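# Summary of the model geometry
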Amino acid sequence: MTRTVNAIAAAAALVLASPAAAQVRNAIERAQGVPSGLALPVQGVAAAEEPMAIGTTPAAVGFVGGPGLAWFREGNLTPDERADGLYLAAPLGPLGAGYSVEWVRPGAAARYRRSTLALALGDGRAFSFGVGWSWLRSSDAAVDGLRGWDLGLTLRPARWLSIGAASLGRDARLGGVDVPVQYDLGVATRLWDDAFTLSADLLADDRARDDFHPTHLTVGAGVELRLGIALALQLAFPLRSDPALGRDPSVLLSVAWNGAHVGLVGGGTVLAGRNGGLGGVRVSRERYRSRGGGDGMPNVDVGDALEPEKFLVFTVGDRDPYGLLLRRLAAARDDRDVAAVGLRIDDLPLGAGRVEELRAAIASIRERKPVFAYVTGGGTREYWLATAASAVAVPPGGALDVSGLSSSNLYVKDTLARAGIAFDVIARGAYKSAPEPLVRTGPSPESREVTNAVLDDTFARLVADVAAARRLAPEKVKALVDVGLLGAEEAKAEGLVDAVLWPDELEGWAGRLVGRRVRLGGPYRPEPERRAQRWGRPDVVEVVQVEGTIVSGKGRAGPAGSGTLAGAERVARQLRRAAADRQVKAIVLRVDSPGGDGFASDLIWREVVRARGRKPVIASMGDVAASGGYLAAVGADVIVAEPSTITGSIGVFALKPDLSGLLAKLSVARAASSRGENAEWRSFAKPWTPSERRALERQIDGFYRMFVDRVAEGRKLPRGEAERLAGGRVWTGKQAFDRRLVDRLGSVQDAIALARERARLGPGAWVEIRRSASEGGGLGDVLAEAAGDVAAAGEAPLARAVAALPELRVLALLEQLGPVVALPVEWVEPAAP
């Protein structure tokens, strides 16, 4: 009887060991007549990361990034043997969950069904700790009901290294006898762009007496080929002679075809002179590496892509749609499934700086595959963008607007005076013309000078780009701009477009130009690769965004459709966190802001300087990075701007409305009591007194001197040179580059590439680009943003009309910006084409 119990206990030990052992071990066990699971192509405990690897370690399910299912059939490993297995895994919140069931029909022996349930906790990339439970059902009473619990731990400290350990059969007893605990200790490396994996495992048990008794050494190798074919080999070497198998190694070989979401696997096991066959299929929501069909042509509606996704009236998904568009265009460039890219271009909310940035992104695609632009509306800027494509088409009956660039202001001093409203202004910088529409009846000579200089610079660049793209003489382009509006056929005859087409003709047109059939699809939403494809955590380049008017506190939506308010507190917190995060190797400060509150801007500058002391900080400028936006950027190591970015405006002003005349017209009497000669300097119900004006002038003068000093220090300019370039003057990015106010001309992608270079992250390094703007704040921030979305959705027509007038928008923003409005660039953007 004792011998029987011991024999059953030994068999149970092997049954419970099979989830922990390398999968080739399962073949060995069944060849010895021991109930076990299928021999699947899993390369050891350290490389286990798919649903079918639940039988190797419960930690495997912690690396599964989306629902996955696999089914396998095995046969002839032993005489008349057949076995089937079903394996499922999916993320479940912070957990990974997996379940498998295997039906084994071992010829003359009793059939059995083996089930395993596993849960894992980890970060999905660098570590996973799993717990599993296994149990058997069989008509054989000796093994029916056999169960035990399992542990697994996998650590992936680097992209090339994985270390794993599993312990199975803990606390298992059968017939009153302890079942030996089984161990699998493994290491693996992944090389050659994560396509080649090598592994080694040591298998052991404790012989039911807290011992460590090695039994096998297994080694494995796997390679993923570009054709979508994956090969895997696993060898098991017994460390002691086995009566049934001798000391010959066992072999498991598999070949897989990988589609993006479906794969086929075939292979077999060579064991003691006998060959066993294996076939299976996997289905996964995650995208595996595969050879693409190469006939897709996504249709990117640029205008729609620039709008945040909405659910009802709430913004959902990425809150930086422009950055998301850039990332998707870069993905389309590298996607082998994409044969060409279609762009639909209509009215776009873009300034000249971001038009140039998008042109660069389109040009980078065009270097690898065709890009087709379909222009259905918009004006000169939209056409400027479209000329970056390989070919341009317009719909029949439409008009192409290439009427040029313009800038205009409304001067409302006299209009406001009729209502009893005046503005008190203190400005430092002869070119600081932002308040002029509120306090003058026309532009100053300085304002005219700047506006014309910016328009001339931007227009010359536009003409040069269009002439080069359309193979036209610059004089010809200027002549067509003077014509302005051209019909579709006329635009084609003049060489501005390549085709006049209805939307349903685009696919055939693109196919003819590509030289083969292409499939015109919908919006492009690239899928990330399988999460476990790369091991460990990537290095990070963090993009911290300063978008909108800079204010103290946290960012939020502005009043009456006035745009986003960039909160200095939130930006400073993001900079501090990125500087302290060891995973973040460099920071890109993305500035698209006309400035705002001077003291809030200076707070951001301070955090940029502090972050620069710990890691590289590169500033990238979008449409506008002026005044406070420029002050924030000047603390960076390097400043990158587009040639048409509006920047500079190194100057300061304070602005306050005086509503005393309006109150008088409305017969509103006012009584005030105060202590302190300047206690009422904030009041909108009175003009500044001479004493209040002197106090504010001291403040403004001090801030202006500090601003110039910051520029001189950050740009390494003599103080006199910085003073000469200041005065509130606005420059284009090209003009600023020529005057050493910026270091390089380029896009945010160029800034990211420079950040990688400064952080010594080579071209082959795995780098994640993380954007702080996409991250939500606390519950209060979420509710505030939701409230802003609701308010914008329900905005009355009158409020929208007010927001359309820049001068009145200033009134709505004054309370948001604080008592001293310092550094805002021209509210009416007279120089922005």
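Read on for a plain summary of the structure.

## Observations concerning the nonpolar core
- Core analysis: the largest hydrophobic core is formed by 63 residues, its most contacted members being Val302, Leu343, Ile345, Leu358, Leu400 and Leu496.
- The leading source of residues in this core is helix α5 (residues 352-366), at 6 residues.
- Discounting chain neighbours no more than four positions away, the residues touching Ile345 are Val302, Ala373, Tyr374, Val375, Thr376, Gly377, Glu382, Leu385 and Ala386.
- Residues Ala619, Ala633, Val711 and Trp731 belong to the second largest nonpolar core, which totals 54 residues.

## Some details on the pairing of strand β33 (residues 584-593)
- By the criterion of burial, β33 is predominantly enclosed, with 9 of the 10 residues buried.
- As paired strands, strand β29 (residues 539-547) and β33 are joined by 8 bridges and run parallel to one another. Looking at β33, one finds that Val541 is bridged to Ala586.
- When β33 meets strand β34 (residues 617-626), the two strands line up parallel, connected through 6 bridges. Its bridge partner lying in β34, Val588 is registered against Ile618.

## Quick word on the packing of aromatic side chains
- Scanning the model with the defined rule gives 5 aromatic pairs in all.
- For the cation-ring pair, Arg156 lies above Phe63, with the distance from its terminal atom to the ring centre recorded as 4.0 Å.
- Here the guanidinium or amino end of Arg170 rests over the ring plane of Trp149, the centre of that ring lying 5.9 Å away.

## Brief notes about the packing of helix α13 (residues 568-580) against helix α14 (residues 598-612)
- Running from amino to carboxyl end, α13 crosses α14 at an angle of 5°, the nearest separation of the two axes being 9 Å. By the criterion of interaxial angle, the relationship of α13 to α14 is roughly parallel. On the side of α13, the interface is formed by Ala568, Val571, Ala572, Leu575, Arg576 and Ala579, while α14 contributes Ala600, Leu603, Ile604, Glu607, Val608, Arg610 and Ala611.
- Classifying every residue of the contact of α13 with α14 gives 10 nonpolar, no polar and 3 charged.

## Some words on the pairing of strand β37 (residues 652-658)
- Burial analysis of β37 places 7 of its 7 residues in the buried class, the great majority of the element.
- Direction of pairing for strand β25 (residues 422-428) relative to β37: antiparallel, over a ladder of 7 bridges. Among the inter-strand pairings, Ile426 is bridged to a residue of β37, identified as Ala654.

## A short note on unusual backbone geometry
- Positive phi values are uncommon outside glycine, yet Arg471 reaches one of about 55°.
- Assignment of secondary structure puts Arg471 in the loop between α9 (445-470) and α10 (474-483).
- By relative accessible area, Arg471 is classed as exposed at 76%.
- Its identity as a non-glycine residue notwithstanding, Ser627 has a phi of 50°, on the positive side.
- For Ser627, the position within the fold is in the loop between β34 and α15 (628-633).

## Considering the sheet that holds strand β18 (residues 299-301)
- Strand order across the open sheet formed by 5 strands is β18-β21-β22-β23-β27, with parallel pairing between neighbours. Strands at the two margins of the open sheet, each flanked by one partner only, are β18 and β27 (499-500).
- When β18 meets strand β21 (residues 341-345), the two strands line up parallel, connected through 3 bridges. Each residue of the ladder has a partner; that of Asp301, found in β21, is Arg344.

## Things to note about the side chain of Arg461
- Looking at where Arg461 falls in the secondary structure, it is placed in helix α9.
- Arg461 sits in the buried class, given a relative accessible area of 15%.
- Setting aside its immediate chain neighbours within four residues, Arg461 contacts Glu356, Pro643, Ser644, Thr732 and Lys734.

The rules behind these values
- Residues numbered from 1 in each chain as written.
- Predicted model: local features only at pLDDT ≥ 70, side-chain atom pairs only at ≥ 80, totals over all residues.
- Heavy atoms only, no water.
- Core = buried A, V, L, I, M, F, W, Y, C linked by side-chain atoms within 4.5 Å.
- Buried < 20%, exposed > 50% of the residue type's maximum accessible area, 1.4 Å probe, protein only.
- Helix = DSSP H or I, 4+ residues; strand = E, 2+ residues; numbered from the N terminus.
- Contact = heavy atoms within 4.5 Å.
- Pairing = 2+ DSSP bridges.
- Phe/Tyr/Trp six-rings, centres within 6.5 Å; stacked < 30°, edge-to-face > 60°.
- Lys NZ or Arg CZ within 6 Å of the ring centre and 35° of its normal.
- Axes fitted to C-alpha atoms, helices over the stretch in contact; angles between N-to-C directions.
- Parallel < 35°, antiparallel > 145°, perpendicular 65-115°, else oblique.
- Nonpolar A, V, L, I, M, F, W, Y, C, P; charged D, E, K, R; others polar.

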